[in-house]
Amino acid sequence: MSYFLPENAPVLTAARGLALAHPGMIEVNGAPLYLRARDPHPDRTVALVSGGGSGHEPLHTGLLGRGGLDAVCPGEIFASPHNRQIYEASAAAARSGGVLHIVKNYTGDVINFQIAAERLRHDGVPVATVLVEDDLATDSADSATGRRGTAATVVVEKLLGAAADRGASLEELAELGRRVVARSRSIAVAARAQTSPTTVSPAFTLDEGTLDYGVGIHGERGIRTIARPAVGDLVRRMTDDLLDALPEGPGEVLALVNGLGATTELELNAIGVLLRDELTGRGLTPVFVVPGTFTAALDMAGFSLTLTRLEDGWADLWTAPTRTPLVLPRPLNGGETAGEATVGVPAEAARTAPAEGAAGDRALLDRYAATVTQVRDNLTKLDQLVGDGDFGDNLTGGVRRAVKLADERGLDGTTALAEAFLDDVGGTSGPLFGLLFQHLASAVPADGGAPGVGALAEAAEAGFAAIHRVGGANPGDCTLVDALAPAAESLTASAGDAGAEAPLTEAAQAAIRGALATASLRPRRGRASYVGDHALGVPDPGALAVALLFMALADIHEPATAPRLPAPGHITLP
């Protein structure tokens, strides 16, 4: 159970512990957080960089070192790293031939790695990306997001790590990675959800004697709930589904039996034998059957199966020696290097003192901070119903970071929000809200008065355009833009109406209606798109957060009409 995480900086503390346990192998940079291999192979010309939300260990960090990755960027629990982590890790690890990013197909990961890659290219660093999308449970024409990236990431990172140590070029590694992804599929099941570190209770509940079939590694609900069969029948069903989805090819396969955190070695080893028998009974040759916990979902009681059709030479890459915390292949070849681990935890960068007489819309930031703190638990519970449950903490943490920036540097409210969310908040929501705040900041008068309706309308429209450009979301996709778009339309209409009585209150009402209407939508973007009909009846937490922002604007600047709006706790009730 996830009961024993430190209250302060749990991910950084765990990263330091990993370096301490493997002296001489890993260094930790604390601000922004990333881990870097201290002794990469001398023949390597391209750096391999990966990362993602914490809680999946030993994924990513376990393959840091020779024969694996050059740098890893851990996000907060189940939240993607922010783009500055990825950019600085990649810059620190870059080799003469460039950097290859290995990215699991989750919206936040994709957006933040994409922004980091653009920043690196601007600096003249060659960058390519391999997008891992192996989860057949999310292979649906109804989703614009594509398949999730799950346990096949381990196979991709191991094979590419071996190839990189042999001097493969950036183009060769990218092509190899795409071929491995194309020839890999995974499926996962769970008998019990992971324990939420926030609520210390299961993220969702299952009736006795049932399983969720097709769960995600962030605790997303499966595509269906089934009666729990005998394990042999379950493995047979999963094998059938995998082979139906796996592209045709040679009969040699690598089979990964992956525990999701609370599944024992006894169970995983037994499942490995059952899987081997199912494969050989179908005329396939399982060259490797590899049981273990490689891609956890905190302490979820479940497992996943991954099959990769092997091409010529891939078996040699799998068995190539590594010097990484995760022992692949077994046994580990090569000796240990003595010496202390160097853990770099630089102090927070010096801050500029608050400017004399600094003005701005600080009242909006304070009101929004109080509101999101009040409804954090509601947003967490809503997010657990449709995704991984990190949204409430991610939003609240970002707003608190903005308050600190405003206090230390004299920034106005929306500027502080923009900087905090763009630079220091990961997950899907971090950069998207950062873009919105960045555009809204342009509408704030220097004297801290009420923003002009026309300027605010233009800023909201520009924020929507930026979010669409980066994340691809449209109204109707069940995302934050379902609240932002109607609010922007309302402001635009009010800007053209000289007699508009309460334009901010009307915009907030439009945002609330749009946010609550997402409960009737089937999500097409973000993690909620993976849970199908389980999302119906649940309003999108990001859309609600946008509505809360416009409510805060109305509270501050239209106190006479804002009382028409419902209470924040009411509209966010799970």
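Here, the structure is the one placed above.
Everything in this summary refers to the structure shown in the same document. (Residues numbered from 1 in each chain as written. Predicted model: local features only at pLDDT ≥ 70, side-chain atom pairs only at ≥ 80, totals over all residues. Heavy atoms only, no water.)

### Thoughts on the overall build of the protein
For step 1, the next point in the chain: The number of helices and strands found in the protein is 18 helices and 13 strands.
For step 2, the next point in the chain: Whereas a compact globule of 574 residues would reach a radius of gyration of roughly 25 Å, the protein reaches 24 Å, a difference of no more than 12%.
For step 3, the next point in the chain: Structurally, the protein occupies a C-alpha span of about 75 × 50 × 40 Å along its principal axes.
For step 4, the next point in the chain: Put simply, the protein has 574 residues, and 58% of those count as buried.
For step 5, the next point in the chain: Surface accessibility of the protein: about 21,200 Å² in total, with carbon and sulfur atoms responsible for 51%.
For step 6, the next point in the chain: Side-chain charges of the protein comprise 45 positive and 69 negative groups, with the mean position of each set lying 4 Å from the other. (Helix = DSSP H or I, 4+ residues; strand = E, 2+ residues; numbered from the N terminus. Rg over C-alpha atoms; globule rule 2.2 N^0.38 Å. Buried < 20%, exposed > 50% of the residue type's maximum accessible area, 1.4 Å probe, protein only. Areas by Shrake-Rupley, 256 points an atom, 1.4 Å probe, with all protein chains shown as cover. Lys, Arg positive; Asp, Glu negative; His and termini not counted. Charge placed at Lys NZ, Arg CZ, Asp CG, Glu CD.)

### Digging into the sheet that holds strand S7 (residues 184-192)
Hydrogen bonds between backbone groups are what pair the strands of a sheet, and the pairing can be parallel or antiparallel.
For step 1, the next point in the chain: Pairing is mixed in the open sheet, where six strands are placed in the order S9-S8-S7-S12-S10-S11. Sheet topology places strand S9 (224-227) and strand S11 (285-292) at the edges, where each strand pairs with a single neighbour. With strand direction ignored, the average angle separating the axes of adjacent strands in the sheet is 20 degrees.
For step 2, the next point in the chain: With seven bridges joining them, strand S10 (residues 252-259) and S11 adopt parallel strand pairing. The residue bridging Leu-254 from the neighbouring strand is Phe-288, located in S11.
For step 3, the next point in the chain: Its contacts with the sheet put helix H5 (residues 170-182) on S7 and strand S12 (301-309), and the angle it makes with S7 is roughly 55 degrees. (Pairing = 2+ DSSP bridges. Axes fitted to C-alpha atoms, helices over the stretch in contact; angles between N-to-C directions. Contact = heavy atoms within 4.5 Å.)

### Considerations on the pairing of strand S8 (residues 210-213)
For step 1, the next point in the chain: Both faces of S8 are covered, namely the face carrying Thr-210 and Asp-212 and the face carrying Leu-211 and Tyr-213.
For step 2, the next point in the chain: Where S7 lies against S8, two bridges are found, and the strand directions are antiparallel. Each residue of the ladder has a partner; that of Val-189, found in S8, is Tyr-213.
For step 3, the next point in the chain: Sheet topology places S8 next to S9; four bridges connect them, and they run antiparallel. What sits directly across from Thr-210, in S9, is Ala-227.

### Re the packing of helix H14 (residues 453-471) against helix H15 (residues 481-495)
For step 1, the next point in the chain: Between H14 and H15, whose axes approach to 8 Å, the crossing angle comes to 150 degrees. Here H14 is positioned roughly antiparallel relative to H15, judged by the angle of their axes. For the crossing formed where H14 meets H15, the hand is left-handed. On H15, the residues touching Val-453, Gly-454, Leu-456, Ala-457, Ala-460, Glu-461, Gly-463, Phe-464 and Ile-467 of H14 are Val-481, Leu-484, Ala-488, Glu-489, Leu-491, Thr-492, Ser-494 and Ala-495.
For step 2, the next point in the chain: Partitioning the contact of H14 with H15 into residue classes produces 11 nonpolar, four polar and two charged. (Parallel < 35°, antiparallel > 145°, perpendicular 65-115°, else oblique. Left-handed = near helix turned anticlockwise from the far one by under 90°. Nonpolar A, V, L, I, M, F, W, Y, C, P; charged D, E, K, R; others polar.)

### Observations concerning unusual backbone geometry
For step 1, the next point in the chain: With an omega dihedral of 0 degrees, the bond running from Ala-31 to Pro-32 counts as a cis peptide bond.
For step 2, the next point in the chain: Residue Glu-57 is joined to Pro-58 through a cis peptide bond whose omega torsion reads 15 degrees.
For step 3, the next point in the chain: Mapping Pro-58 onto the fold places it in the loop between strand S3 (47-54) and strand S4 (71-77).
For step 4, the next point in the chain: Phi is positive for Phe-78, which is not a glycine, with a value near 60 degrees.
For step 5, the next point in the chain: Topologically, Phe-78 is positioned in the loop between S4 and helix H2 (83-93).

### Remarks on helix H16 (residues 503-517)
Think of an α-helix as turning once every 3.6 residues; residues three or four places apart then point the same way.
For step 1, the next point in the chain: Helix length check: H16, at 15 residues, gives a terminal C-alpha distance of 21 Å against a target of 21 Å (1.5 Å per residue), a fit within 8%.
For step 2, the next point in the chain: Of all the residues in H16, the buried ones are Pro-503, Leu-504, Thr-505, Ala-507, Ala-508, Ala-510, Ala-511, Ile-512, Gly-514 and Ala-515.
For step 3, the next point in the chain: Elements in contact with the buried residues of H16: H14, H15, helix H17 (541-557) and helix H18 (568-571). (Expected span 1.5 Å × (residues − 1).)

### Details of the packing of helix H4 (residues 152-165) against H5
For step 1, the next point in the chain: For the pair H4 and H5, interaxial distance at closest approach is 10 Å and the crossing angle is 150 degrees. By the angle class used here, H4 and H5 are roughly antiparallel. For H4 against H5, the interelement crossing comes out right-handed. The segment H4 lies against H5, with Val-155, Val-156, Leu-159, Leu-160, Ala-163 and Ala-164 engaging Leu-173, Leu-176, Gly-177, Val-180 and Val-181.

### Points about the nonpolar core
For step 1, the next point in the chain: Grouped together as the largest cluster of nonpolar side chains are 74 residues, with contacts concentrated most on Tyr-368, Phe-421, Phe-433 and Phe-550.
For step 2, the next point in the chain: Broken down by element, the residue count for this core peaks at 12 residues, all from H17.
For step 3, the next point in the chain: When neighbours within four sequence positions are excluded, Phe-421 is seen to be in contact with Leu-395, Gly-398, Val-399, Gly-430, Pro-431, Phe-433, Gly-434 and Phe-437.
For step 4, the next point in the chain: Core analysis: the next-biggest nonpolar cluster, separate from the first, contains 52 residues, Leu-33, Ala-37, Leu-69 and Ala-152 among them. (Core = buried A, V, L, I, M, F, W, Y, C linked by side-chain atoms within 4.5 Å.)

### With respect to helix H10 (residues 376-386)
For step 1, the next point in the chain: Of all the residues in H10, the buried ones are Asn-378, Leu-379, Thr-380, Leu-382, Asp-383, Gln-384 and Val-386.
For step 2, the next point in the chain: For H10, the elements touching its buried residues are helix H11 (391-409), H17 and H18.

### Considering the pattern of salt bridges
For step 1, the next point in the chain: With the rule as written, the count across this model stands at 27 salt bridges.
For step 2, the next point in the chain: A salt bridge links Arg-282 to Asp-240; its shortest N-O distance comes to 2.3 Å. Of the two residues, Arg-282 is situated in the loop between helix H7 (265-281) and S11 and Asp-240 in helix H6 (residues 231-245); the sequence distance between them amounts to 42 residues.
For step 3, the next point in the chain: Judged by its relative accessible area of 32%, Arg-282 falls in the partly exposed class.
For step 4, the next point in the chain: Ionic pairing is found between Arg-409 and Glu-419, a salt bridge with its closest N-O pair at 2.3 Å. Linking Arg-409 in helix H11 with Glu-419 in helix H12 (residues 413-424), this pair joins segments that are 10 residues apart in sequence. (Salt bridge = Lys/Arg side-chain N within 4 Å of Asp/Glu carboxyl O.)

### Structural notes on the side chain of Asp-482
For step 1, the next point in the chain: Checked against the element boundaries, Asp-482 lands in helix H15.
For step 2, the next point in the chain: Of the side chains bearing the opposite charge, Arg-524 lies closest to the buried Asp-482, which forms no salt bridge; the N-O distance is 9.9 Å.
For step 3, the next point in the chain: At 2.9 Å, the side chain of Asp-482 forms a polar contact with the backbone nitrogen of Thr-479.
For step 4, the next point in the chain: Ignoring anything within four residues of it in the chain, the contact list for Asp-482 reads Asn-474, Pro-475, Gly-476, Asp-477, Gly-514, Ala-515, Thr-518 and Leu-521. (Polar contact = N/O pair within 3.5 Å; in protein donor to acceptor, adjacent residues only side chain to side chain.)

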